[in-house]
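Architecture and fold: a report
What follows is the residue order along each chain.
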Amino acid sequence: MHMFLIVGQNFSALRSKIVENGDDYVLLQDKKTTKHPKKRFKRRIFADFSSKEALLKTVLPLKGKIDGVVCMYENYVLPTAWITEALDLPGLPVQSAEACTDKQLMRQLFAKSPDRISVDFAEVHSEEDVLNFAKHHDFPLVLKPANLVKSLLISKNHSAAELQTNYRKMLDSLERTYQKYAPDRTPKVIIEEFIEGSVHSVDAFVDSTGRPYIIDGIVDYQTGYDIGFEDNFHYSRLLPSSLSDSDKKALMDCAEQGVRALGMKNSPAHIEIIMSKHGPRIVEIGARNGGYRERMYRFAHDIDVLQNTLKLALGEKPTISIKHNEPCAVLELFPRTPGTFRELSQAQALSQLPALEYLRIRAVPGDHIGKSSDGYKAAAIVILHHHDAHQFHKDLDFVNEQVAVLTD
């Protein structure tokens, strides 16, 4: 039996997988995020994640009692690397963890790759920095936090005036958004080129030698901009990909270069890539599996993402062979107009779709909801999958055309 340490925040599917395997776990929970700090549970230990020293003071007594360490959330990638180093267990090197959670460091390492695999960028500290970058690059340009998750506070800018407005707007929300989603991180802002092209991602598992095992299942995205929203969220994630075989190969090669550039080991990897007219360009690489991937790859390919994550934590090789190839989609629904949530249109009909695997309406009537670029998360999540491609696309068309988040 193996004992796993789950770092920072629980993930119910991972917990279930560990127990299903006949193994055990303990949750190292962040004091700041727990809702019930006074409750005591057999499998929970509280820790202070605000500093490395405070964290390791709690963790070091576990040395020799833990066989593998896992985390499922971006905020805990770096603390997990500290922990595996201190406990002498398989894990992501600390330097790699730092780069995987900071887009500035990440892009600096990408720039050393033999091929061009990412975009030009700069860290900015003032409007002067922002406008200086704009003088030497073509619009549109992208402003984004360097070390936040999802698409929070990201904006696409088409002019110097819009760039100034969105930079000021970002500064107004920056501290508040970091306090909510990344309280232990120092805000950092970068500006970068906007690359025209289709958006994709692929997941990989990197073994102890640094070899990436890349899943032969590229996910196609539609962004908010693609469907007419003035917002840069990921609206849909779709398997299988519609890319040509040659573009698929180029994307996979680019993904491997990116993983190797970051020096990743003993870790999942989630690689987001834009297929531009000049070839693939990496947006970012996360030292974790992509959102919803445990469901997507299970439905579409019968690949067990969580089992592979646990294998890596034990220093074992992953297994990524595809058993079947069925369509699957995840859709994150945002309001077209920020305001007070009223309803999800066609919710009853949506719940009856043959391809529906999962529906979660996060917002409740009366909630104020808005854009991802303003720091809001999706109001609803829909997952579709069906072995019959015709039925799948019929149901996907229904969601695309009939389902919307309505506000007052």
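Scroll up a little and you will see the structure.
Residues numbered from 1 in each chain as written. Predicted model: local features only at pLDDT ≥ 70, side-chain atom pairs only at ≥ 80, totals over all residues. Heavy atoms only, no water.

Focus on the overall build of the protein
What counts here: The numbering of helices and of strands both runs from the N terminus, where a helix is a DSSP run of H or I of at least 4 residues and a strand a run of E of at least 2. For this measure, only C-alpha atoms enter the radius of gyration; the expected value for a globule follows 2.2 Å times N^0.38, where N is the number of residues. Each residue is assigned to one of three classes by its accessible area relative to the maximum for its type, calculated with a 1.4 Å probe on protein chains only: buried under 20%, partly exposed between the two thresholds, exposed over 50%. We call two residues in contact when some of their heavy atoms are within 4.5 Å. Working definition of accessibility: Shrake-Rupley area with a 1.4 Å probe, residue cover restricted to the visible protein chains. His is not counted, nor are the chain ends, whereas Lys and Arg count as positive and Asp and Glu as negative. In plain terms, the charge of a residue is placed at NZ if it is Lys, CZ if Arg, CG if Asp and CD if Glu.
Of the regular secondary structure elements, the protein holds twelve helices and 20 strands. Computed over the C-alpha atoms, the radius of gyration of the protein is 21 Å, within 12% of the 22 Å expected from 2.2 N^0.38 for a compact globule of 408 residues. For the protein, with 408 residues in total, the buried portion stands at 55%. Of the contacts formed within the protein by residues at least 6 apart in sequence, a portion of 64% connects residues at least 24 apart. On the protein, roughly 18,300 Å² of surface is accessible, and the fraction owed to carbon and sulfur atoms is 48%. Looking at charge distribution, the protein has the averaged site of its 51 positive side-chain charges lying 6 Å from that of its 54 negative ones.

Focus on unusual backbone geometry
The amide bond that connects F139 to the next residue, P140, takes the cis arrangement and shows omega of 0°. Note on placement: P140 falls in the loop between α6 (127-135) and β6 (141-145). Of note, L153 is a non-glycine position whose phi angle comes to about 65°, a positive value. Its location among the elements puts L153 in the loop between β6 and β7 (155-157). One non-glycine residue, D302, lies in the positive phi region at around 60°. Looking at D302, the relative accessible area reads 35%, which means it is partly exposed.

A closer look at the environment of I154
Relative to the elements of secondary structure, I154 occurs in the loop between β6 and β7. Overall, I154 belongs to the buried group, its relative accessible area being 9%. Residues I154 and M106, spaced 48 residues apart in sequence, show a C-alpha to C-alpha distance of 17 Å. If we ignore the near neighbours within four places in the chain, the residues touching I154 are V142, L143, K144, P145, N232 and S373.

Considerations on a positive patch on the surface
Stated precisely, the cut-off is as follows: Surface patches are drawn from residues lacking salt bridges whose relative accessible area is over 30%; two like charges belong together within 9 Å, two nonpolar side chains (Val, Leu, Ile, Met, Phe, Trp, Tyr) within 5 Å. Salt bridge criterion: a side-chain nitrogen from Lys or Arg within 4 Å of a carboxyl oxygen from Asp or Glu.
Together, K180, R360, R362 and K377 give the surface a local cluster of positive charge. If you trace the backbone, K180 turns up in helix α7 (residues 160-181).

As for the sheet that holds strand β1 (residues 3-8)
Put simply, the test is: Strands are treated as partners if at least two bridges between them are detected by DSSP. Helix axes are fitted only over the stretch in contact, all axes being lines through C-alpha atoms; the angle between N-to-C directions runs from 0 to 180 degrees.
Reading across the sheet, the four strands line up as β3-β2-β1-β4 and stay open at both edges, with parallel pairing between neighbours. If you trace the sheet from one side to the other, it starts and ends with β3 (44-47) and β4 (68-70), each paired once. If you compare each strand with its neighbour and ignore which way they point, the axes differ by 25° on average. Two strands pair when backbone bridges link them, and β1 and strand β2 (residues 24-30) are joined in this way by six bridges, in the parallel orientation.

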